[in-house]
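Given next are the chains, with one letter for each unit.
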Amino acid sequence: AEASGLYELPADAPVGQNIRDYLNLDDTVFEIKLTPNRADCLSLHGVARDVAALTGSALNNIAVKPVAASIADVLPTRIDAPAACGRFVGRVVKNLNAAAPTPAWMVQRLERAGLRPISALVDITNYVMLHLGQPMHVYDLAKINGTLHVRFAKNGERIKLLNEQTHELQDDVLVIADDNGAIGLAGVMGGDSTKAELNTTDIFLEAAFFAPAVIQGKSRRFRFSSDASHRFERGVDFMGQIEAAEFATQLVLDICGGEVGPVSELIGELPVREQLSMRVARAQKVIGVDIPTDDMVKYLSDLQLDVTRTSDAARGEVLSVTAPSYRFDMAIEEDLIEEVVRLFGYDNIPLRPPVATMTMLHAPEAVRAADVVRDTLVALDYQEVVNFSFIDAALETEFAGTDSAPIQLLNPIASSLSVMRTQLVGSLLGNLKTNLARSQNRVRVFELAKVFLRDASVTASDATVPNINQPLKLAGLAYGSTQPEQWSETLRAVDFYDV
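This write-up is about the structure you can find in this document. Along each chain, numbering runs from 1 in the same order as the chain's sequence is written. Only residues with pLDDT of at least 70 are given local features in this predicted model, and only at 80 or more are side-chain atom pairs given and counted; all residues enter the totals for whole chains, interfaces and linings. No hydrogens and no water enter the side-chain calculation; it runs on all heavy atoms of the structure.

What follows deals with the overall build of the chain. Helix and strand assignments come from DSSP, with helices taken as H or I runs of at least 4 residues and strands as E runs of at least 2, each series counted from the N terminus. Within the chain, the secondary structure is distributed over 14 helices and 22 strands. The dimensions of the chain, computed from C-alpha atoms along their principal axes, are 105 × 60 × 55 Å. The buried label goes to any residue with under 20% of its type's maximum accessible area, the exposed label to any with over 50%, and the partly exposed label to all in between, with areas taken from a 1.4 Å probe on protein chains only. Residues classed as buried in the chain amount to 42% of the 499 residues present. Sequence-distant contacts in the chain: of pairs separated by 6 or more residues, those separated by 24 or more amount to 69%. Taken as a whole, the chain presents about 28900 Å² of accessible surface, with 52% of it coming from carbon and sulfur. Only four residue types enter the tally: Lys and Arg on the positive side, Asp and Glu on the negative side, with His and both chain ends excluded. Charge placement uses NZ in Lys and CZ in Arg. For Asp and Glu, CG and CD serve respectively. Of note, the chain has its 45 positive side-chain charges centred 3 Å away from the centre of its 65 negative side-chain charges. Any two residues having at least one pair of non-hydrogen atoms within 4.5 Å are treated as being in contact. Here the open area of atoms and residues is found with the Shrake-Rupley method and a 1.4 Å probe, where only the protein chains shown may cover a residue.

Turning our attention to the nonpolar core. One finds Phe 88, Leu 148, Ile 176, Leu 185, Phe 204 and Phe 210 to be the most contacted residues of the largest nonpolar core, which totals 37 residues. If you list the elements that add at least two residues to this core, you get β2 (85-94), β4 (148-152), β7 (174-178), β8 (181-185), β10 (203-210), α5 (212-215) and α7 (227-232). In contact with Phe 88, not counting residues within four places along its chain, are Thr 77, Ile 79, Leu 148, Val 150, Ile 176, Phe 204, Glu 206, Ala 207, Ala 208, Ser 264, Glu 265 and Leu 266. Nonpolar cores are built from buried Ala, Val, Leu, Ile, Met, Phe, Trp, Tyr and Cys residues. Side-chain atoms within 4.5 Å join them into one set. One finds Ala 98, Val 128, Met 136 and Ala 248 within the second-largest nonpolar core, a separate group that totals 26 residues.

We treat two strands as partners when DSSP finds at least two bridges between them. Spatial ordering of the open sheet is given by β1-β4-β7-β8-β9, a layout of 5 strands whose pairing is mixed. The two strands at the open ends of the sheet, each matched to only one other strand, are β1 (77-79) and β9 (189-190). Across 3 bridges, β1 lies against β4 in parallel orientation. Bridge pairing in β4 links Thr 77 to Leu 148.

Any two side chains of opposite charge can pair if their charged atoms end up close together. The salt bridge definition used is simple: a Lys or Arg side-chain nitrogen within 4 Å of an Asp or Glu carboxyl oxygen. Evaluation of the coordinates by the stated rule reveals 32 salt bridges. In this structure, the salt-bridge partner of Glu 168 is Arg 158, at a minimum N-O distance of 3.4 Å. You can see Glu 168 sitting in strand β6 (residues 166-168) and its partner Arg 158 sitting in strand β5 (residues 158-160), a full 10 residues away along the chain. The exposure class of Arg 158 is exposed, given its relative accessible area of 52%. Arg 282 is the salt-bridge partner of Glu 334, the closest N and O atoms lying 2.7 Å from each other. One end of the pair, Glu 334, is in helix α11 (residues 333-344); the other, Arg 282, is in helix α9 (residues 280-287), with 52 residues separating them in the sequence. For Glu 334, a relative accessible area of 35% translates into the label partly exposed. In this structure, a network of salt bridges that share partners links the residues Arg 38, Asp 40, Asp 50, Arg 327, Asp 329, Glu 339 and Arg 342.

Taken together, 3 strands build an open sheet; the order of strands is β13-β15-β14 and the sheet is antiparallel. Looking at the sheet topology across the chains shown, the edges are occupied by β13 (275-279) and β14 (308-312). Taken over all neighbouring pairs, the strand axes of this sheet differ in orientation by 30° on average, direction set aside. With axes taken as lines fitted to C-alpha atoms, and helix axes fitted only over the stretch in contact, angles between N-to-C directions fall between 0 and 180 degrees. The sheet strands contacting helix α10 (residues 293-302) are β13, β14 and β15 (316-322), and the helix crosses β15 at an angle near 5°. Across the sheet, α11 is in contact with β13 and β15; its angle to β13 comes to roughly 65°.

In this section: the packing of α10 against α11. With their axes 9 Å apart at the nearest point, α10 and α11 run at an angle of 95° to one another. Judged on the interaxial angle alone, α11 and α10 are roughly perpendicular. On the side of α10, the interface is formed by Met 296, Tyr 299, Leu 300 and Asp 302, while α11 contributes Leu 336, Glu 339, Val 340, Leu 343 and Phe 344. Each residue gets one of three labels, nonpolar for Ala, Val, Leu, Ile, Met, Phe, Trp, Tyr, Cys and Pro, charged for Asp, Glu, Lys and Arg, and polar for the others, Gly among them. Its residues placed into classes, the contact of α10 with α11 shows 7 nonpolar, no polar and 2 charged. Oblique is the label for any angle not covered by the other classes, which are roughly parallel (under 35 degrees), roughly antiparallel (over 145) and roughly perpendicular (65 to 115).

A word on a nonpolar patch on the surface. Among the surface-exposed residues, Tyr 7, Leu 9 and Ile 19 lie close enough to one another that they form a single nonpolar patch of about 320 Å² accessible area. Considering the arrangement of structural elements, one finds Tyr 7 in the segment before α1 (19-22). Note on Tyr 7: relative accessible area 63%, which makes it exposed. Two joining distances apply to patches: 9 Å for like charges and 5 Å for nonpolar side chains (Val, Leu, Ile, Met, Phe, Trp, Tyr), and every residue must have over 30% relative accessible area and no salt bridge.

Without other data, these values stay purely geometric and don't point to any function.
The structure is reproduced here in structure tokens:
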């Protein structure tokens with residue numbers, strides 16, 4: 001960070017050591033930009049898991065040990081919206097020192113990850129979020145009235161958030177509330193009324209899983225985004241709440257001290273993880289490379305997926321996995337194929353020109369190709385036009401008659417383009433009007449296009465749209481003089497015999 005003046009070092013800083021080594025200034029920061037489907041990599045652990053699979057390195061999981069309870073205190077909690085809150089984990093920590101300084105190593109890591117250190121308790125929850133991808137919140141236990149419960153807001157209910165903004169809520173917003181009302185926007189931001197401060201002595205640590213569909217769009221509605229909402233709306237590992245709570249508890253004890261209560265866990269409706277199957281032959285066809293089945297099994301296993309290999313007469317070799325709790329982007333066979341080709345390496349796919357069998361088709365002389373007709377008319381001094389297939393209803397009736405019964409558009413782009421045309425002449429007349437309005441007094445145009453006729457004999461098997469016949473028609477229009485204006489000939493208006 002930039003600062004003016006002298007930088008004070010701790011009293012135990014070793015004299016004579018290179019300052020770059022002491023402050024770890026030669027550190028390397030990697031900036032990773034993710035597509036929204038890869039929320040599992042919004043944490044150091046998630047990135048490490050993916051890098052281990054891509055490089056073949058061993059994954060070193062952090063050792064999170066359960067912290068034994070030293071007191072029996074618990075906070076009553078309740079889930080009133082189980083479909084929106086799948087898991088709610090928390091524990092009480094009492095008699096801690098919230099004003100304890102955040103260790104320099106944690107401050108350094110937070111700053112280099114783009115977060116501003118605030119206080120020990122907030123820094124700990126941010127550190128756990130960056131490490132495991134699980135957003136957490138700290139409440140001042142003394143400020144919570146009665147039972148803490150997860151529910152949908154009441155229309156018109158108001159809340160003041162940690163960013164000091166006050167919002168009026170609708171009944172589709174999930175909130176954390178106590179007996180007095182809402183004290184936080186679930187998955188978005190905590191409330192101001194129960195925030196932990198430097199003089200706080202007793203806290204409630206909370207880690208929860210909120211359904212992505214419930215959190216999506218709320219940040220945009222309230223015109224701000226948070227690290228928590230960024231993760232929850234994309235999908236947080238719904239099996240990682242207890243691990244995050246234990247990790248945060250250990251850090252709180254190490255930095256702030258205190259006495260720990262037991263972990264409380266409430267379970268609502270968790271997402272169902274279906275078993276996904278990938279046909280080996282289908283994967284090889286889609287990728288375009290005959291990747292051996294053993295390699296596919298290895299790639300999926302490297303992603304920490306439990307792979308089952310089967311074979312049957314109908315589908316051939318099949319690899320089956322159950323999508324893990326942290327991968328919300330795994331739902332269909334193509335998602336597994338994507339993982340295989342990603343680990344195989346897009347750059348390793350060979351460049352092969354497409355090979356297709358071409359058969360010469362007979363060209364009967366009784367039928368003219370459309371391009372031949374176009375070339376012939378262009379050679380005869382006509383210009384091709386391409387018009388909308390829609391036309392004004394009055395103009396359609398004028399040229400096609402009252403019995404044409406044109407097809408009405410349900411949502412026309414303009415009132416003058418309200419029906420599908422059954423003839424091409426009306427469109428050509430529009431081209432003529434446009435040219436005459438621009439002082440172009442000699443016009444020769446043609447159009448080769450489909451018209452749209454009601455025909456009950458046309459079935460869905462015969463055409464894309466049943467009951468509509470779409471024959472190809474040709475129409476032309478000539479107006480003005482027979483030749484462009486020139487000195488050697490007397491101008492004569494075009495007539496039937498010229499056409």
